[in-house]
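# Observations on chain architecture
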Amino acid sequence: MLGNGVVGIVSETVNKWERRAPLTPSHCARLLHSGSDKTGVSRIIVQPSTKRIHHDALYEEVGCEISEDLKECGLILGIKQPKPEMILPDRAYAFFSHTHKAQKENMPLLDKILKERVSLYDYELIVGDHGRRLLAFGKFAGRAGFIDFLRGLGQRYLSLGYSTPFLSLGAPYMYSSLAAAKAAVISVGEEIATLGLPAGICPLVFVFTGSGNVSSGAQEIFKLLPHTFVEPSRLPGDFGTDAAPPTRTSKRVFQVYGCIVTCKDMVEHKDPKKSFDKADYYAHPEHYNPVFHEKIAPYASVIVNCMYWEKRFPRLLSTKQFQDLTRKGCKLVGISDITCDIGGSIEFVNQTTQIDSPFFRYDPVKDSYHQDMEGDGVVCSAVDILPTEFAKEASKHFGDILSEFVGYLASTKDIRKLPAHLMKACIAHGGTLTPLYEYISRMRKFDDSEETSKGHASHHFNKKYTTLVSLSGHLFDQFLINEALDIIEAASGSFHLVKCQVGPSSHAMSYSELEVGADDEEALNKIIDSLTSLANPNENQVLKQEANKISLRVGKVQDGGAKKENDTKKVGVLIIGAGRVCQPAAEMLASIGGMSSEQWYKTCMEGDFEENIDVQVTVASLYLKDAEEITEGIPNANPVQLDVSDTSTLHKYISEAEVVISLLPAFCHVTVATACIELKKHLVTASYVDEAMSKLDEKAKTAGITILGELGLDPGIDHMMAMKMINQAHVRKGKINWSPAGAIRAGCNPATYKSNGEIINVDGKNLYDSAVKYRIPGLPAFALEGLPNRNSLVYGDLYGIGKESSTVFRGTLRYEGFGQIMGILSRIGLFEAEPHPLFKDGKKPTFQMFLSDLLKMTSEEVDGSLKGEKAISERIISLGYSKEQESAARAAKTIIFLGLHEQKEIPASCKSAFDVSCLLMEDMLAYSSTEQDMVLLHHEVEVEFPDSKLKEKHSATLLEFGTIRNGKMVTAMAYTVGIPAAIGALLILGNKIKTRGILRPLEPEVYVPAMDIIQAYGIKVMEKVE
């Protein structure tokens, strides 16, 4: 039967809640209808199940057979272990067997498998080239576990006398989909953002342990709430005063707080002169003292435990430590132990809980356990089958991967012909353990219980010389344990297994303690020397024996933050345009591969990708030199020359990328967008979505791509700041008056806005004169003025507030006096774009002659009147361009500064007054390589509540200065335009943005995560409500 191409799917029997399936009906359909010659699968027989997430009829409809009898199947698939009596002889089985660690409780199952000559493939051992497990449910455990606990948190707070939005949540399995569950959490978040949480339970601080898939899944749900992440080191300063239980108050708090802690935050070296070293900690945890109970736990409201733990490491929180904290007034309300590590890192979590009864209460004062929410203590959750609460999505995720190689398992009789990653996952074949897993039989010869480890003395040996050897490292995923045992037995030594703890993944190290014995000291030393060589193949390291103990670190231990080249998936991003804006975008994207230690990435992005990604950035420019200057010193960034009018070259570079960022002038975007549609590649731009781009909407949707426009500063961050504030007000049924202002550019375009219900139109010629004095509360040093910017009414409609708002004003902020000077220059005629008569017939006037013409001065007056500011100022007043002497003087000073009074010839390229002004401004106002710029963006939203007749003024201000990064000045303008564009690409790569077609950052799927990343990355937005 083995290798006959017939696949069976068992009915899960281990737990009543197990509704997952290894393959969904859609997976089965693809395998069956693609042809057995391609897939290796000829038939699929499904055992009937009335609780499986997909009904039997759905499998039957796609061509599967429904039968209790799986005798015709050569390969049988499940999720959990089947009962031993269900094992059929001479078949292949694939499931999570939990046998490769020689787990005693599962040895009867392994014995049955060996007896029936079964080929056993363990999903847990299927590891890709990148070294990570291919089949896992960690994220789903994190998602379900956190939603479960939020539900319990609402119940717990109610028992303590507080009503919270968490009460409205159901258990994950109560929702029809993961999306529906997330929508419920978002609704809770909106209620928190608008109505707030009782101050008596705030600050509400969630501490997440670990940074793997489980933690990422939990954080993914947490980030649907209005939140701020806090560094572990900041906990005492930010929340220290709230360690004691707060008193009741009527004030509300409108967000929750998160903190991610890893092992470096949980322990410190016993030697105060030494800092934390991960490799040393894994090899010698005895060198470290626990500090989580002192530095983290006192400030936590909820501990979300997502980390792997072994007994040789200090506990996260012991029973005694928690009892001591309780006596000091600890604010801890609950423990969500998603790892379900019973009696492990959190000692008092001593029992598992069930999906339908997920909580128990522990009272540290009485050291007692209760199955209710009432009374003192903390509520705890430790469900051991969380992923099945999202059975539909978990099954799809699992089957997407399994279906790629199930054909190999179904059609192969000789395991030596399997791909390496599948052959390594085969524990048993033909009645024997495969060579990689022979250590299991050796380990089973010895009792590794706690009792034995306590009495590990040499009465188990008939050897004169013994020593305890600690092996830590990649013992099992690299199968070094076999080599270690071979070394001992080859030297006629013997061993007794004292402890064995296997890491949960190929990235985590395992640990074993062996008591090694030999008949003479020389033989024992030889064994130790050989083990030393195994541990340090490239070093001549001398190991010191201390107190009859030797510690070895087997395998090459790497820092958890470091990544090997083959540990990541490479994805390409093409940036077209090598101006100033390009550099910060390229730096951010190119650094993703080595960024797992960066807090913003851990907070906002880590876990959004199914595997680690390494972003390869290509910077394309019309001039190769410009692209080379941008990419210099940026790893993973390559410069190329590209003319977007060259269709073949444009298509070549776009086809090599997953996402394209166009930083070209707006008129070029349609060319790039058309190519992206043809090649089905996503596109991000920082420019306005004009009519030409809007017409591509249907084509982009048909191509299945997102074209995300207006994702810079203005437009971009201005949209997202406004939408965040407006949506929060709408949830509270508030009525909006909107007044944002952005310091980006001003012009002579006409403007329209609404003020107190009246539509105001400003002619372009009078725009500068319409500037009004403006001051931002909290920034009194800035003397500013605001000018209306184009048509504000358009944004009232885009933001969904056009009808309800009596005032909608979008403006440009400038320093006070800017409007007066620019207005005078405009009236003089310096901004006229029409060809000027002085430049006809190839004439080359001087700047002085040109200015004389604009100021209507005769040639006789030129020499004497243009020598000083006073003469120019008086001429401006006499011509009626200014009524105020002070304003005229400022304008005259500007004219002198620009050089319009000089006897220099105007270049032939200038044909109009506008050309001359631009030429001089580009020269005199260009930023030097060390000059610092500033960006100021301010929003004000007035909210009226008709029911209560209350009014609130919400404001948000972004203030950013240019900074020197890596020896180069990065302007604030480039930074605040380039970073949002890069974030847009990241959100698309992480599948955060699912909408296809032409898109602005006006939807929550864009602006919520984008603003989180923007602020976490260091671009701060000051928010205030009055």
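Here's what I pulled together on the structure shown here.

This part takes up a negative patch on the surface. A contiguous patch of negative charge on the surface is contributed by D626, E628, E629 and E632. Here E629 lies in helix α21 (residues 624-631).

So, on to the pattern of salt bridges. Here the structure, examined in full by the defined rule, presents 25 salt bridges. The closest approach of N and O atoms between D90 and R117, which form a salt bridge, is 2.9 Å. Here the residue D90 occupies a position in the loop between β4 (75-77) and β5 (92-95), and R117 occupies one in the loop between α4 (107-115) and β6 (119-122), the gap between them amounting to 27 residues. Look at R117 and you get partly exposed, because its relative accessible area is 39%. Measuring nitrogen to oxygen at the nearest pair gives 2.4 Å for the salt bridge that ties E220 to K182. Taken together, the residues span a long stretch of sequence, with E220 in helix α7 (residues 213-222) and K182 in helix α6 (residues 178-195) at a distance of 38 residues. A residue is classified by how much of its surface remains accessible, and K182, at 23% relative accessible area, is partly exposed. Salt bridges linked by common partners bring R43, E65 and E72 together as one network.

A separate point is the sheet that holds strand β19 (residues 426-429). Pairing is mixed across the open sheet formed by 8 strands, whose spatial order is β3-β2-β1-β4-β5-β6-β19-β20. Two strands close off the open sheet at either side, each with one partner strand: β3 (65-66) and β20 (432-433). Of the strand pairs in this sheet, strand β1 (residues 6-9) and strand β2 (residues 43-46) are connected by 4 bridges, and their pairing is parallel. In the sheet register, V6 faces β2, and the bridge partner there is R43. Across the sheet, helix α13 (residues 391-411) lies against β1, β4 and β6, angled at about 150° from β4, the strand it touches most.

Quick look at the nonpolar core now. Grouped together as the largest cluster of nonpolar side chains are 110 residues, with contacts concentrated most on I44, Y123 and F206. Of all the elements, helix α5 (residues 138-159) adds the most residues to this core, at 9 residues. Apart from residues lying up to four places away in sequence, F206 is in contact with F146, L150, L153, F222, V256, Y257, G258, C259, V302 and V304. Of all hydrophobic cores here, the second largest spans 55 residues; its members include V619, V659, Y1007 and I1019.

Here we take up the pairing of strand β37 (residues 811-815). For β37, a buried count of 4 out of 5 residues is recorded, marking the element as mostly surrounded by other parts of the structure. Bridge count for strand β36 (residues 784-788) against β37 is 5 bridges, and the pairing is antiparallel. Within β37, the residue paired with G786 across the bridge is L813.

Attention shifts here to helix α32 (residues 885-898). End to end, α32 covers 20 Å across 14 residues, agreeing with the expected 20 Å (1.5 Å per residue, within 8%). Taken together, the buried positions of α32 are occupied by S887, A888, A891, A892, I895 and L898. Down the axis of α32, the buried set is contained in an arc of 135°. They therefore lie on one face. Opposite its buried face, α32 presents the exposed residues E886 and K893, each directed more than 90 degrees away. Its buried side turned inward, α32 meets α28 (818-828), α29 (847-854), α31 (869-878) and α33 (913-924). One or two residues past the end of α32 sits G899, with phi positive at roughly 95°.

It is worth spelling out the packing of aromatic side chains at this point. Throughout the structure, instances matching the rule amount to 27 aromatic pairs. Centroid distance F96 to Y123: 5.1 Å. Interplanar angle 75°. Geometry classified as edge-to-face. With F96 in the loop between β5 and α4 and Y123 in the loop between β6 and α5, the pair connects residues that are 27 residues apart, well separated along the chain. The class of Y123 is buried, set by a relative accessible area of 1%. When the ring of F137 is compared with that of F398, the centres are 4.8 Å apart and the planes differ by 10°; the resulting orientation is stacked. In this pair, F137 is assigned in the loop between β6 and α5 and F398 in helix α13, connecting sequence segments 261 residues apart. Taken as a pair, F137 and F398 share a single burial class, namely buried. Among the aromatic residues, those joined into a ring-pair cluster are F146, F206, F208, F222 and F229. For R20, the ring lying beneath its charged end belongs to F137, and the centroid distance is 4.4 Å.

Turning our eyes to something else, we now look at the sheet that holds strand β15 (residues 334-337). One open sheet accounts for 8 strands, arranged β9-β11-β8-β14-β15-β18-β16-β17; its pairing is mixed. In this open sheet, the two edge strands, each paired with only one partner strand, are β9 (227-229) and β17 (368-370). Between one strand axis and the next, the sheet turns by 20° as a mean value, whatever way the strands run. Where strand β14 (residues 302-305) and β15 come together, 4 bridges link them in parallel fashion. Directly across from N305, in β15, lies its bridge partner D337. With respect to the sheet, α7 is in contact with β8 (205-209), β9, β11 (256-261) and β14, its orientation differing from that of β8 by roughly 160°.

With respect to the element layout, P226 can be found in the loop between α7 and β9. Contacts of P226, omitting those with residues within four sequence positions, involve G189, I192, A193, F254, Q255 and V256.

Moving on, we get to helix α23 (residues 669-679). Those residues of α23 not exposed but buried are H669, V672, A673, A675, C676 and I677. The first or second residue beyond α23 is K680, which carries a positive phi of 60°.

Following the sequence through the fold, V365 ends up in the loop between β16 (359-363) and β17. Taking relative accessible area as the criterion, V365 reaches 66% and is therefore assigned exposed.

Quick look at unusual backbone geometry now. Geometrically, the link from C202 to P203 is a cis peptide bond, its omega value of 0° lying close to zero. Of note, P203 is situated in the loop between β7 (197-198) and β8. Not every positive phi belongs to a glycine, and C340 is a case in point at roughly 50°. Assignment of secondary structure puts C340 in the loop between β15 and β16. Residue classification places C340 among the buried residues on the basis of a relative accessible area of 14%. Backbone geometry at D367 places phi at a positive 50°, although glycine is not the residue there. Take D367: it is sitting in the loop between β16 and β17. Judged by its relative accessible area of 44%, D367 falls in the partly exposed class.

Our next topic: the pairing of β16. Counting buried positions along β16 gives 5 out of 5 residues, so the element sits mostly inside the fold. Alternating residues of β16 divide into F359, R361 and D363 and F360 and Y362, and every residue in both groups is buried. Relative to strand β18 (residues 378-381), β16 is paired through 4 bridges, and the arrangement is antiparallel. Each bridged residue has a counterpart across the sheet, and for R361 the counterpart in β18 is V379. For β16 and β17, the ladder comprises 3 bridges, and the chain directions are antiparallel. Of the residues in β17, the one forming a bridge with Y362 is Y369. Where β16 hands over to β17, the hairpin turn is made up of 4 residues, of which D367 adopts a positive phi near 50°.

What follows is about the packing of helix α22 (residues 647-655) against α23. At their nearest, the axes of α22 and α23 sit 10 Å apart, and the two run at 55° to each other. Judged on the interaxial angle alone, α23 and α22 are oblique. Crossing hand, α22 versus α23: right-handed. Only T671, V672, A675, C676, E678 and L679 of α23 make contact with α22, whose side of the interface consists of L650, H651, I654 and S655.

Bringing the packing of helix α34 (residues 972-989) against helix α35 (residues 1004-1016) into the picture now. α35 packs onto α34 with a crossing angle of 125° between their chain directions and a minimal axis gap of 10 Å. As far as their axial angle goes, α35 and α34 are oblique. Judged by the twist between their axes, the crossing of α34 over α35 is right-handed. From α34, P980, I983 and L987 reach across to α35, where they touch V1006, P1009, A1010, I1013 and I1014. Of the residues assigned to the contact of α34 with α35, the class counts are 8 nonpolar, no polar and no charged.

Time to look at a nonpolar patch on the surface. A surface patch of nonpolar side chains, about 280 Å² in accessible area, is lined by F897, M924 and L925. Mapped onto the fold, L925 is located in the loop between α33 and β38 (934-945).

Conventions adopted
- Residues numbered from 1 in each chain as written.
- Predicted model: local features only at pLDDT ≥ 70, side-chain atom pairs only at ≥ 80, totals over all residues.
- Heavy atoms only, no water.
- Patch = residues over 30% accessible without salt bridge, like charges linked within 9 Å, V, L, I, M, F, W, Y side chains within 5 Å.
- Areas by Shrake-Rupley, 256 points an atom, 1.4 Å probe, with all protein chains shown as cover.
- Salt bridge = Lys/Arg side-chain N within 4 Å of Asp/Glu carboxyl O.
- Lys, Arg positive; Asp, Glu negative; His and termini not counted.
- Charge placed at Lys NZ, Arg CZ, Asp CG, Glu CD.
- Helix = DSSP H or I, 4+ residues; strand = E, 2+ residues; numbered from the N terminus.
- Buried < 20%, exposed > 50% of the residue type's maximum accessible area, 1.4 Å probe, protein only.
- Pairing = 2+ DSSP bridges.
- Contact = heavy atoms within 4.5 Å.
- Axes fitted to C-alpha atoms, helices over the stretch in contact; angles between N-to-C directions.
- Core = buried A, V, L, I, M, F, W, Y, C linked by side-chain atoms within 4.5 Å.
- Expected span 1.5 Å × (residues − 1).
- Arc of directions from axis to C-beta.
- Phe/Tyr/Trp six-rings, centres within 6.5 Å; stacked < 30°, edge-to-face > 60°.
- Lys NZ or Arg CZ within 6 Å of the ring centre and 35° of its normal.
- Parallel < 35°, antiparallel > 145°, perpendicular 65-115°, else oblique.
- Left-handed = near helix turned anticlockwise from the far one by under 90°.
- Nonpolar A, V, L, I, M, F, W, Y, C, P; charged D, E, K, R; others polar.

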